[in-house]
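Examining the three-dimensional arrangement
As a plain string of letters, each chain reads:
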Amino acid sequence: MTAQPDHATPATPPPMRTIGELRTALRTWGYAGDLDAFETELAAARLDDDLHPVQEVVQAYRRRVLLRATPAAMAELSRPAGDLQAELRRRIAEATAQ
């Protein structure tokens with residue numbers, strides 16, 4: 001049996017246009033420790049040198065929230081390993097048969 005999320009999936013992903021909105025989204029939709037890890041990585045990015053590392057950190061954590069807030073993605077992540085193995089075997093068999 002797979003663990004179910006402790007909250008309902010939204011109809012649309014939460015807003016994450018600003019770092020503040022991303023923090024709020026991580027509090028609600030992030031996995032345990034995501035917000036702390038985000039803050040640590042953000043603090044480690046050298047803002048005086050280049051904003052590219054900040055952009056990478058923000059994009060990575062936005063993707064995590066989007067993944068968790070997207071029903072289809074969560075459904076795929078919660079599929080049993082046996083189902084995935086069977087699907088891969090079927091696809092490999094189809095590919096080799098062609």
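The text that follows walks through the structure, step by step, so that each part is easy to find. (Residues numbered from 1 in each chain as written. Predicted model: local features only at pLDDT ≥ 70, side-chain atom pairs only at ≥ 80, totals over all residues. Heavy atoms only, no water.)

Another aspect to go through is the side chain of Asp34. Relative to the helices and strands, Asp34 is located in helix H2 (residues 34-44). Looking at Asp34, its side chain comes within polar contact range of the main-chain nitrogen of Tyr31, at 2.9 Å. When neighbours within four sequence positions are excluded, Asp34 is seen to be in contact with Leu26, Tyr61 and Arg64. (Helix = DSSP H or I, 4+ residues; strand = E, 2+ residues; numbered from the N terminus. Polar contact = N/O pair within 3.5 Å; in protein donor to acceptor, adjacent residues only side chain to side chain. Contact = heavy atoms within 4.5 Å.)

For the rest of this paragraph, the subject is the nonpolar core. The biggest cluster of nonpolar side chains holds 14 residues, and the ones touching the most others in it are Leu22, Leu26, Phe38, Tyr61 and Val65. Of all elements in the fold, only helix H1 (19-29), H2 and helix H3 (52-69) reach the threshold of two or more residues within this core. Not counting residues within four places of it along the chain, the set of residues in contact with Leu22 comprises Met16, Phe38, Val58, Tyr61, Arg62 and Val65. (Core = buried A, V, L, I, M, F, W, Y, C linked by side-chain atoms within 4.5 Å. Buried < 20%, exposed > 50% of the residue type's maximum accessible area, 1.4 Å probe, protein only.)

A few words now on the environment of Leu67. By the secondary structure assignment, Leu67 is in helix H3. Considered as a pair, Leu67 and Leu77 are 10 residues apart in the sequence and their alpha carbons are 9.3 Å apart. Ignoring anything within four residues of it in the chain, the contact list for Leu67 reads Ala73, Met74 and Leu77.

A contiguous nonpolar surface patch, about 260 Å² in accessible area, is contributed by Tyr31, Leu67 and Leu77. We classify Leu67 as partly exposed; its relative accessible area is 36%. (Patch = residues over 30% accessible without salt bridge, like charges linked within 9 Å, V, L, I, M, F, W, Y side chains within 5 Å. Areas by Shrake-Rupley, 256 points an atom, 1.4 Å probe, with all protein chains shown as cover. Salt bridge = Lys/Arg side-chain N within 4 Å of Asp/Glu carboxyl O.)

Enumeration according to the criterion identifies 6 salt bridges in this entry. Among the salt bridges present, the one from Arg23 reaches Glu39, with a minimum N-O distance of 2.4 Å. Highlighted residues: Arg23 in helix H1 and Glu39 in helix H2, separated in sequence by 16 residues. For Arg23, a relative accessible area of 26% translates into the label partly exposed. Among the ionic pairs, Glu87 bridges to Arg79, the shortest N-O distance being 2.7 Å.

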